[in-house]
Amino acid sequence: MRVILLGPPGSGKGTQAYLVSTKYNIPNISAGEILRRFCTKKKSVLNKIHYNTKNIIDSGNLVSDKLVIELIIERVNQYDCINGFILDGFPRTIVQAQSMQEQNITIDFVINFYISDSAIIDRIMGRQIHLKSGRTYHVKFNPPKRYGVDDITGELLTVRKDDNTESVKQRLAQYHSHTKSILDFYYKISQKRSLHYFTINGDRPIIKVYNELLDILNKNILIK
Ligand code: AP5
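Asks: Could you give me a rundown of unusual backbone geometry, with the residues and numbers involved?
Replies: Glycine aside, negative phi is the norm for most residues, and most peptide bonds take the trans geometry. Cis geometry marks the peptide bond from Phe-90 to Pro-91; its omega dihedral reads 0 degrees. In this fold, Pro-91 is placed in the loop between strand 3 (85–88) and helix 5 (94–102). Although it is not a glycine, Asn-25 adopts a positive phi angle of roughly 55 degrees. Here Asn-25 shows up in the loop between helix 1 (13–24) and strand 2 (28–30).

Asks: Which residues make up the sheet that holds strand 7 (residues 196–201), and what values do they have?
Replies: Judged by pairing direction, the sheet is parallel, and its five strands sit side by side in the order 2-3-1-4-7 without closing on themselves. The strands lining the two open edges of the sheet, one partner per strand, are strand 2 and strand 7. Sheet twist, expressed as the average angle between the axes of neighbouring strands with direction ignored, equals 20 degrees. Where strand 2 meets strand 3, three bridges bridge the pair, whose relative direction is parallel. In the strand pairing of strand 3, Asn-28 is matched with Ile-86. Where helix 1 meets the sheet, its contacts fall on strand 1 (2–6), strand 2, strand 3 and strand 4 (109–114), and the angle it forms with strand 3 comes to roughly 175 degrees.

Asks: Now, about the pattern of salt bridges: what can you tell me, with residues and values included?
Replies: Evaluation of the coordinates by the stated rule reveals 16 salt bridges. In this structure, Asp-162 engages Arg-160 in a salt bridge whose closest nitrogen and oxygen atoms are separated by 3.0 Å. The exposure class of Arg-160 is buried, given its relative accessible area of 15%. Through salt bridges with shared partners, a single ionic network connects Arg-127, Arg-160, Asp-162, Asp-163 and Arg-171.

Basis of the calculations
- Residues numbered from 1 in each chain as written.
- Predicted model: local features only at pLDDT ≥ 70, side-chain atom pairs only at ≥ 80, totals over all residues.
- Heavy atoms only, no water.
- Helix = DSSP H or I, 4+ residues; strand = E, 2+ residues; numbered from the N terminus.
- Pairing = 2+ DSSP bridges.
- Axes fitted to C-alpha atoms, helices over the stretch in contact; angles between N-to-C directions.
- Contact = heavy atoms within 4.5 Å.
- Salt bridge = Lys/Arg side-chain N within 4 Å of Asp/Glu carboxyl O.
- Buried < 20%, exposed > 50% of the residue type's maximum accessible area, 1.4 Å probe, protein only.

In structure tokens:
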């Protein structure tokens, strides 16, 4: 089962990707996570590309298609993706979407989360993450058992450097300028072959969104 989750910043892609990946035991591939790791290598091996990428992410702009495509295609071709994967945050441009098609990586589900721009800021501003695993919490909507501490490892949670109003505005602008063409791209494919394309209201509690998502996946998983 190969699933793409699309949606603006804070719409819950990462939260739902983690839940679905655990449920179906398939890898959760977050483009943002992979790029953040790419920028946090040892100082001795860091070069201009790593520094530039970090600056781009912090400012809320999109990293170059070339780099993202290279990293994601390499990841989805790894052995643990043989039974599928959940892609969170890729593709974000039409070039990225086409790159998967060119590599014959077929997708079974495209799920698009929508949420109002006003709800996004509340979500982003209360987010805390566990760096190593990518687990995501929210101080109000999804708090850890102990404030500031990861439920599973007991390690400290952190706040992403790009979780500030300026960067979120830029991420939203990027999202709005590219999304329509990506949605059109997948909609057209869904008319020709068995790609299941759904839109989900992400502006509801996590469990409600999750239940709807599971329902969609379970109902359509065997229908090819
Ligand atoms: P990325 O890390 O993907 O950030 P993003 O797209 O801005 O999305 P977020 O991670 O902010 O939101 P999310 O939808 O995952 O929400 P989450 O589940 O965490 O990308 C970061 C940067 O990397 C980009 O800006 C760009 O620079 C670069 N990049 C990444 N991919 C790229 C690509 N393909 N091409 C080029 N550049 C790329 O939820 C948010 C908060 O809300 C959490 O605290 C969570 O607990 C809470 N929450 C979640 N769901 C709910 C709910 N239903 N109700 C209440 N609270 C909720």
